[in-house]
Amino acid sequence: QVQLVESGGGLVQPGGSLRLACEARGTLTAITWFRQAPGSRREGIACFGVASGRTNYADSAKGRFITSTDGTKNTVFLQMNNLKLEDTADYFCAASPHMFASACPLEDSAYNYWGQGTQVTVSA
């Protein structure tokens, strides 16, 4: 049984940083961060290939967000820097146990398991 638990959300000023964590239990090939703002579609923003070690970022995350692991691959982090007002959203981590996910897709249909989410608010 796969379990995912996110932590690290909160309130931050524009230009600030936050680090989210996703603690995972289970055999997985990829863990991906998604976010969903009110009234918006869920967006895949950063993937860490647990099996492959590769990463994949949405254009909105490139240059500002970094996904990494703690070495044990039980916890995947999302370091978010230079946060903007438009980064305000609920952030979720999602995971797949399937080999095709090693390619680090950002589509939510590729993922079977989801965490409960953590809220990130960027506000002055």
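Thresholds, definitions, all that
- Residues numbered from 1 in each chain as written.
- Predicted model: local features only at pLDDT ≥ 70, side-chain atom pairs only at ≥ 80, totals over all residues.
- Heavy atoms only, no water.
- Helix = DSSP H or I, 4+ residues; strand = E, 2+ residues; numbered from the N terminus.
- Rg over C-alpha atoms; globule rule 2.2 N^0.38 Å.
- Buried < 20%, exposed > 50% of the residue type's maximum accessible area, 1.4 Å probe, protein only.
- Contact = heavy atoms within 4.5 Å.
- Lys, Arg positive; Asp, Glu negative; His and termini not counted.
- Charge placed at Lys NZ, Arg CZ, Asp CG, Glu CD.
- Pairing = 2+ DSSP bridges.
- Axes fitted to C-alpha atoms, helices over the stretch in contact; angles between N-to-C directions.
- Phe/Tyr/Trp six-rings, centres within 6.5 Å; stacked < 30°, edge-to-face > 60°.
- Lys NZ or Arg CZ within 6 Å of the ring centre and 35° of its normal.

Asks: Before we go on, may I ask you to explain the overall build of the protein in this structure?
Replies: Across its full length, the protein holds zero helices and eleven strands. Starting at the N terminus and walking to the C terminus, you meet the elements of the protein as β-β-β-β-β-β-β-β-β-β-β. A compact globule built from 124 residues should have a C-alpha radius of gyration of about 14 Å, and the protein, at 13 Å, falls within 12% of that. Out of the 124 residues belonging to the protein, those deemed buried represent 46%. Counting only contacts in the protein whose residues sit at least 6 apart along the sequence, the fraction spanning at least 24 positions is 58%. Considering the protein, the positive charge centre built from 10 side chains and the negative charge centre built from 10 side chains are found 4 Å apart.

Asks: Explain the sheet that holds strand β8 (residues 75-80) here, please?
Replies: Within a sheet, neighbouring strands are paired by backbone hydrogen bonds and run either parallel or antiparallel to one another. As summarised here, the arrangement of the four strands in space is β1-β3-β8-β7, forming an open sheet in which the pairing is antiparallel. Looking at the sheet topology across the chains shown, the edges are occupied by β1 (3-7) and β7 (65-69). Taking each pair of neighbouring strands and ignoring which way they run, the sheet shows an average axis angle of 15 degrees. Summarising the sheet, β7 and β8 pair through five bridges and their orientation is antiparallel. Bridging across to β8, T69 finds its partner in V76.

Asks: Where do I start with the packing of aromatic side chains in this structure?
Replies: Where two aromatic rings form a pair, the distance of their centres and the angle of their planes describe that pair. Per the counting criterion, the structure on display carries two aromatic pairs. On the numbers, 5.7 Å between centres and 75 degrees between planes, the contact of F34 with Y111 is edge-to-face. One end of the pair, F34, is in strand β4 (residues 30-36); the other, Y111, is in the loop between β9 (89-96) and β10 (113-114), with 77 residues separating them in the sequence. Take F34 and Y111: they sit in the same class, and that class is buried. We classify F34 as buried; its relative accessible area is 1%. By way of ring pairs, the aromatic residues F34, Y111 and W114 are connected into one cluster. Sitting above the plane of the F77 ring, R19 keeps its charged end 4.0 Å from the centroid.

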